[in-house]
Amino acid sequence: MKTFMKNAFMTLLRQMAGIGAGLLTTVLIARELGPSGQGAYALAILLPTLLMTFMNLGVGQSSVYYIGQKQINVADAWKTNTITAAMLSTLAIVVGVLIVLFGDAFFGALDNTLLIGMLFLLPVLFASRFFQALFQAVKDFASFNIIVLTTHLSLLASVWLALSVFHLGLPGALIAYAVAQIVTLGVVAWLLRSRLQLTWKKATWRPGYMKSSIAFGSKAYMSNVMAFLNYRVDLLLVSFYLSPAAVGIYFVTVSFAEKLWMVSQAITTVLYPEIASSKSESEKNRLTSTVARMTCGLSLAMGVVLWVISEPAVHLVLGAEYAQAAVVLKWLLPGIVLGAVAKIFSNDVAGRGKPEYNLYVSIAMVVCNILLNIAFIPWLGIKGAALATSVTYGINWLIKCLIFRRMTHMPWLTFLCVQPKDIEALWHFVARRRRTAV
């Protein structure tokens, strides 16, 4: 448990540094491009992200599971993942071109040249995703954190140069995004060689592993696709019903609200390989219930603070153009807080080898989210999108709690309510870290 808390704590520190850089990047883009330009930027980067999510086939998660179960070594997984990334990204580019040519309903406001240019970033995105999973699989969270922080810092620096120094507008912001992804892949390649000592000649391509990883990963993959749609379908529907400016305001609001997930994201990064490699059911139950309680308490406290300061913070940071974002943020926050806890249970279920449970829930949630957005956006505008998303996240949280309880038979209060021993354990851990720092 001590090692788990140390890894989670260090990952949380990286999350906080990354969030700081991410917020500065969001503010820079929002102020320099305005709501309409921000909306166009959001849709342009959404397309390659959407394709990568739809077509990665869960290969990264499979690597974490199979390496954790010692069914393949890291070198062979890396070489096989490299070949898989090349194949899948090529197919994704072809699909993306077809979407650009025939997807006017969602992307018609954007220049096709910009959209197609962003598609050629897909090989970089696929390779980075698959390679990062290797560090997670071997529990090298120091390298994992370096990689993620590199993305945030390089994007901040690139955006600042493109928008504030050279004033390149929307094309400059997209170039900055591409540069950040390429820099990240370069750092990943360096770490693979320096930390894991991986070389192409010493690794073996395993077609059998590729087949097995896709078969296993397809369960988690479909769940991730549905989860991604659940997180981003509202943005597409706002684009469909409303204006690019509305997309910009909504995207910035969601970007700020989702920063509350930094606690759960840090924990789930460490939790999944721990659950996947653990042989003890009681240890799995104890670990997940503890981190779920802590995540619930911390996310709720952060949500309350953000609710109170939302209006002055939006006016101070983003300016009058984004005034509506404060109201939208308040509608989003309840669902965001509950969503943080749901992420813990999702990774626990996947780590136990049952990712199909997450898939079934995710499919239902996507349908629910789409229907609620279609009902609420024409009526309430972007506030309707926030309400639909918040309600969907709340339902998702309830179902994930029910699944976890059915699998473990643990009392509700055991995994939902913060206990005095949690506060004591957290206090002692922080005290030890402070003594170590001194």
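Conventions adopted
Residues numbered from 1 in each chain as written. Predicted model: local features only at pLDDT ≥ 70, side-chain atom pairs only at ≥ 80, totals over all residues. Heavy atoms only, no water. Helix = DSSP H or I, 4+ residues; strand = E, 2+ residues; numbered from the N terminus. Contact = heavy atoms within 4.5 Å. Phe/Tyr/Trp six-rings, centres within 6.5 Å; stacked < 30°, edge-to-face > 60°. Buried < 20%, exposed > 50% of the residue type's maximum accessible area, 1.4 Å probe, protein only. Lys NZ or Arg CZ within 6 Å of the ring centre and 35° of its normal. Salt bridge = Lys/Arg side-chain N within 4 Å of Asp/Glu carboxyl O. Expected span 1.5 Å × (residues − 1).

Moving on: the overall build of the protein chain. A count of helices and strands for the protein chain gives 17 helices and zero strands. In the protein chain, of all internal contacts separated by at least 6 residues, the share reaching a separation of at least 24 is 84%.

One pass over the structure, following the stated rule, counts eleven aromatic pairs. Relative to Trp 200, the ring of Trp 78 has its centre 5.5 Å away and its plane inclined at 85 degrees; by these criteria the two rings are edge-to-face. Of this pair, Trp 78 sits in helix α3 (residues 74–102) while Trp 200 sits in the loop between α8 (169–194) and α9 (207–241), and the two are 122 residues apart along the sequence. For Trp 78, a relative accessible area of 10% puts it in the buried group. Since its relative accessible area comes to 41%, Trp 200 is described here as partly exposed. Counting every residue linked through ring pairs, the aromatic cluster contains Phe 345, Phe 404, Trp 412 and Phe 415. The cationic tip of Lys 343 hangs over the ring face of Trp 261; the distance from NZ or CZ to the ring centre is 4.5 Å.

Where charged atoms of side chains with opposite charge meet at close range, the side chains can pair. Considering all chains together, one arrives at three salt bridges under this definition. Among the ionic pairs, Arg 206 bridges to Asp 76, the shortest N-O distance being 2.7 Å. In this pair, Arg 206 is assigned in the loop between α8 and α9 and Asp 76 in helix α3, connecting sequence segments 130 residues apart. Classification of Asp 76 by relative accessible area gives buried; the value is 4%.

Here we take up unusual backbone geometry. A positive phi angle is found at Lys 70, which is not glycine, with a value near 60 degrees. Position of Lys 70 among the secondary structure elements: in the loop between α2 (59–68) and α3. Relative accessible area serves as the criterion here: at 74%, Lys 70 is assigned to the exposed category. In this structure, Lys 139 takes a positive phi of about 65 degrees despite not being glycine. Locating Lys 139 in the fold gives a position in the loop between α6 (122–137) and α7 (141–165). The exposure class of Lys 139 is partly exposed, given its relative accessible area of 33%.

Further remarks concern the side chain of Thr 26. In this structure, Thr 26 sits in helix α1 (residues 2–55). The residues touching Thr 26, leaving out its near neighbours within four places in the chain, are Gln 38, Val 252, Ser 255 and Phe 256.

The next thing to look at is helix α10 (residues 244–257). Taking 1.5 Å of rise per residue, 14 residues should cover 20 Å, and α10 covers 20 Å from first to last C-alpha, within 8% of that figure. Within α10, eleven of the 14 residues are buried, which leaves it mostly tucked inside the rest of the structure. Within the span of α10, buried status applies to Ala 246, Val 247, Gly 248, Ile 249, Tyr 250, Phe 251, Val 252, Thr 253, Val 254, Ser 255 and Ala 257.

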